[in-house]
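# Structural characterization, general
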Amino acid sequence: MLKTTREYIESLRQLKLNLYLLGEKVEDWVNNPIIKPSTNAVAMTYKLAHDPKTEALAVTESMLTGKKVNRFNSLFKSPDDMVSKIKLQRELGQRTACCFQRCVGMDGINATFSATCEIDEKYGTDYHQRFRKWLEYVQEDDLCVAGAMTDVKGHRGVSPSQQEDPDMFVHVVERRDDGVVIRGAKANITGTVNSHEMLLMPTLRMLEEDKDYAVCCAVPTDAEGITHIYGRQSCDTRKLEEGDIDVGNYGFGGHETLSVFENVFVPWERVFMNGEYDFSIMLVERFAAYHRQSYGGCKPGIADVLIGATASMADYNGVRRASHVRDKLGEMIHLSETIHACGLASAHQAWKTKAGNYQSDILLSNICKLNTTRFPYEITRLAEDIAGGILVTTPSEKDFKHPKIGKYVDKYLKGDPAYSTEERYRMLTLIHAMCFGVVAPSYHTESMHGAGSPQAQKIMIERESDMGSKQHLARSIAGIDEREDPLD
Ligand code: SF4
Ligand code: FE
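Okay, so let's go over this structure. Within every chain, residues take consecutive numbers counted from 1 along the sequence as written. As a convention, the first chain written is A and the first ligand written is 1, with the rest following in written order. At least 70 in pLDDT is required for a residue's local features to be given in this predicted model, at least 80 for side-chain atom pairs to be given and counted, and no such filter applies to totals for whole chains, interfaces and linings, which use all residues. Processing note: side-chain calculations cover all non-hydrogen atoms of the structure and skip hydrogens and water entirely.

## A word on the overall build of the chain
Think of it this way: any DSSP run of H or I at least four residues long counts as a helix, any run of E at least two long counts as a strand, and we number them from the N terminus. A count of helices and strands for the chain gives 16 helices and 14 strands. A radius of gyration in this sense is built from C-alpha atoms; the matching globule rule multiplies 2.2 Å by the number of residues raised to 0.38. A globule of 488 residues ought to have a C-alpha radius of gyration of about 23 Å, and the chain, at 24 Å, matches this closely. Summarising its shape, the C-alpha atoms of the chain cover approximately 75 × 75 × 50 Å along the three principal directions. A burial count over the chain gives 56% of its 488 residues as buried. The contact definition used throughout considers only heavy atoms, calling two residues in contact when any of these lie within 4.5 Å. Sequence-distant contacts, at least 24 apart, represent 76% of the contacts inside the chain between residues at least 6 apart. Exposure was quantified through the Shrake-Rupley algorithm and a 1.4 Å probe, taking into account, for residues, occlusion by the shown protein chains and nothing else. For the chain, the accessible surface area stands at approximately 20700 Å², while carbon and sulfur atoms represent 51% of it. Charged residues are defined here as Lys and Arg on the positive side and Asp and Glu on the negative side; His and the ends of the chain fall outside this count. Positions of charges follow a simple convention, taking NZ of Lys, CZ of Arg, CG of Asp or CD of Glu. Treating the 58 positive side-chain charges of the chain as one cloud and the 69 negative ones as another, the clouds have centres 5 Å apart. Exposed residues in this analysis have more than 50% of their type's maximum accessible area, buried residues have under 20%, and partly exposed residues fall in between, with area computed by a 1.4 Å probe over protein chains only.

## Here we look at the sheet that holds strand β2 (residues 24-26)
Hydrogen bonds between backbone groups are what pair the strands of a sheet, and the pairing can be parallel or antiparallel. Note: two strands are recorded as paired if DSSP finds a minimum of 2 bridges between them. One open sheet accounts for six strands, arranged β2-β1-β10-β11-β7-β6; its pairing is mixed. The outermost strands of the open sheet, each flanked by one partner alone, are β2 and β6 (171-175). Strand-to-strand twist of the sheet, defined as the mean angle between neighbouring strand axes without regard to direction, takes the value 20 degrees. Inspection of the sheet shows strand β7 (residues 179-190) paired to strand β11 (residues 256-267) by nine bridges, in the antiparallel sense. In the sheet register, T190 faces β11, and the bridge partner there is E256. Each axis is a line fitted through C-alpha atoms, and for a helix only the stretch in contact is used; angles between axes span 0 to 180 degrees, taken between their N-to-C directions.

## A word on the side chain of S114
Along the polypeptide, S114 turns up in helix α5 (residues 103-123). According to the relative accessible area criterion, S114 is buried, its value standing at 0%. What S114 contacts, discounting residues up to four positions off in sequence, is R286, T353, A355 and N357.

## Quick look at the environment of C235
Among the structural elements, C235 can be located in the loop between β10 (226-230) and β11. Sequence separation between C235 and V247 is 12 residues; the distance between their C-alpha atoms is 7.6 Å.

## Remarks on the coordination of the iron ion (ligand 2)
Y295 (OH) and E446 (OE) make up the full set of protein donors to the iron ion (ligand 2), lying at 2.1 to 2.3 Å. Taken as a pair, Y295 in helix α7 (residues 280-317) and E446 in helix α14 (residues 443-449) lie far apart in primary sequence, 151 residues in all. In this structure Y295 comes out as buried when scored by relative accessible area, which is 2%. For E446, a relative accessible area of 10% corresponds to the buried category. Counted as donors are the N, O and S atoms within 2.8 Å of the metal, or 3.2 Å for Na, K and Ca, while water is not among the atoms, so some sites may look incomplete.

## Quick word on helix α8 (residues 323-348)
The end-to-end C-alpha separation of α8 is 36 Å, in line with the 38 Å expected for 26 residues at 1.5 Å each. Here α8 has its buried residues at V325, K328, L329, M332, L335, S336, I339, H340, C342, G343, S346 and A347. Looking at the packing, one finds that the buried side of α8 touches α4 (79-96), α7, α9 (362-372) and α10 (375-387). For a helix, the expected span equals 1.5 Å multiplied by the residue count minus one.

## So, the site of ligand 1
Here a residue is near a molecule or strand as soon as one of its heavy atoms is found within 4 Å of it. In the vicinity of ligand 1, the contacting residues are C99, F100, Q101, C103, V104, H291, S294, Y295, C298, K299 and E446. Among the elements of the structure, α5 and α7 are those that each provide at least two residues to the shell around ligand 1. Element by element, the count of residues in the shell around ligand 1 is highest for α7, at five residues. In this classification, Asp, Glu, Lys and Arg are treated as charged, Ala, Val, Leu, Ile, Met, Phe, Trp, Tyr, Cys and Pro as nonpolar, and every other residue, Gly included, as polar. For the shell around ligand 1, the per-class residue count stands at six nonpolar, three polar and two charged.

## Section: the nonpolar core
Within the largest apolar cluster, 60 residues are counted, with the highest numbers of intra-cluster contacts made by I109, F131, W134, L135 and L199. Put simply, the parts of the chain that give this core at least two residues each are α2 (36-47), α3 (55-58), α4, α5, α6 (127-140), β9 (215-220), β12 (271-274) and α7. Sort the elements by how many residues they give to this core and α5 lands first, with nine residues. If sequence neighbours within four positions are ignored, W134 has contacts with I109, V145, E197, L199, A218, R270 and F272. As used in this record, nonpolar core signifies buried Ala, Val, Leu, Ile, Met, Phe, Trp, Tyr and Cys residues forming a set joined through side-chain atoms within 4.5 Å.

## Points about the side chain of K369
Locating K369 in the fold gives a position in helix α9. Here K369 is buried and forms no salt bridge, its nearest opposite-charge partner E446 lying at an N-O distance of 7.3 Å. Excluding residues that lie within four positions of it along the chain, K369 makes contacts with R292, Y295, S447, M448, H449, G450, A451, G452 and Q457. The salt bridge definition used is simple: a Lys or Arg side-chain nitrogen within 4 Å of an Asp or Glu carboxyl oxygen.

## Quick word on the packing of α9 against helix α15 (residues 454-464)
The N-to-C vectors of α9 and α15 enclose an angle of 150 degrees; their axes lie 9 Å apart at closest approach. One element, α9, and the other, α15, form an angle in the roughly antiparallel class. As α9 packs across α15, the resulting crossing turns out to be left-handed. Across the interface between the two elements, I362, L363, N366, I367, K369 and L370 from α9 touch P454, A456, Q457, K458, M460, I461 and E464 from α15. Taken together, the residues of the contact of α9 with α15 sort by class into eight nonpolar, two polar and three charged. Throughout this description, any angle smaller than 35 degrees is read as roughly parallel, any larger than 145 degrees as roughly antiparallel, any in the 65 to 115 degree range as roughly perpendicular, and the remainder as oblique. Rotating anticlockwise by less than a right angle from the far helix to the near helix defines a left-handed crossing, while the corresponding clockwise rotation defines a right-handed one.

## A closer look at the packing of aromatic side chains
Any two rings among Phe, Tyr and Trp, with Trp reduced to its six-membered ring, count as a pair given centres within 6.5 Å; such a pair is stacked if its planes are under 30 degrees apart, edge-to-face if over 60, and tilted if neither. Enumeration over the complete set of coordinates arrives at 10 aromatic pairs. Residues F72 and F100 carry aromatic rings whose centres are separated by 6.3 Å and whose planes lie at 70 degrees to one another, so their mutual orientation is edge-to-face. Of this pair, F72 sits in the loop between β4 (68-70) and α4 while F100 sits in the loop between α4 and α5, and the two are 28 residues apart along the sequence. On the accessibility criterion, F72 (1% relative accessible area) is buried. Under the relative-accessibility criterion, F100 is labelled buried at 1%. Site record: aromatic cluster; members linked through ring pairs are F131, W134 and F272.

## Quick notes on a nonpolar patch on the surface
Judged by side-chain polarity, Y20, I229 and L258 come together as a nonpolar surface patch covering roughly 220 Å² of accessible area. For L258, the location among the structural elements is in strand β11. Two distance rules govern patches: like charges are joined within 9 Å, and nonpolar side chains (Val, Leu, Ile, Met, Phe, Trp, Tyr) within 5 Å, applied only to residues with over 30% relative accessible area and no salt bridge.

Read these as geometric descriptors, not functional statements.
This is how it looks when you write it as structure tokens:
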């Protein structure tokens, strides 16, 4: 059953999260002013499923039950289905101008679905059936799932089992008749506090000695032994101040946590990989390809807002028609649409897995993400260029509304008199929030490291592009190998 926005928020209240923020335990996170915008962003994924205008994007048929489910809990049934995923993400990026958090779960669900099928085929295990059952439960209750892949990783130069501290990667510390006990921590986990479930996946290739680290499982976000520590964001305490201007994006935001698993028990029906280390990399690469493709949806959607804000600033400054401004706005659009085009292309080239769901094209997904590690930096650079230095020197809303000095701020921060100072003010803080502040946690840094840092994409791109066939083409054209005769 598709939850309404209100039902979703009510369901969050039922959780008993062990959550810390700014050194304090948070009991009422649903109403916490720092956290609330991020809950609003996820709530938008529920809202779109009930809006007749967006229903076709946000709702799809379950591959498991045939029932209507939110796309974020669905398995991709075709390349078209995946195109809809990208369009939905763009729509949500436009509506929230931030990370709406629910995609990691969706991408993790699809990767785990196909990988478990192939583990079972090799080892005769029953992970796939367990996973289907858990996913049916998630779909039926329209739960929000936080995908959790990134381990804290400790010494990056050594494998999980070689770490001085064995807890640098989540691992199984005990196997019992009724399940496993896990320990470790996952970092930079998106949307945890707004989720009912976490889907834990291994973070890299494993060797036999890393067996205990090759673990994939689902746990409720409030399971005993889990502690979530809320990540700081630049300018986050602006949300604690009065007024709604200085935050920039008052309504929405993203969040990440450091989530610690201190001997957490996971029953067998929620364990989807337990020591099959040779499948760890398959799960990682499939998830990564899905999520690197996802950036072809959310980032252009967010950029639509930033480009609109930048054009508005040009209006307020009276330079909208200047040729260099139009050139720069055109460049921003070109960069953003290139990212989107890669996301769509990798959907169109999707292929069917043995389990029956579709996998985004791995090469094109990685191209999408590698562009995303670069282009948002240029997009924000151009936004800052057009907005002007006032972007980082605006007085506060309190000064603007001050009974004595407010009139000075109002008078001297005005641009084109056709627009109010407040309008200009609000647009400046929005751009500020998107470039430096509370977006996801910031538009460009998240674009750099979310779904894997750039070198990970370079490695995949090199591996996925069939260099042998390219060399053969060159050898044939150069006359080293036999030339192709068009008359043959
Ligand atoms: Fe979704 Fe983008 Fe956030 Fe990843 S960064 S969860 S793709 S909105
Ligand atoms: Fe992300």
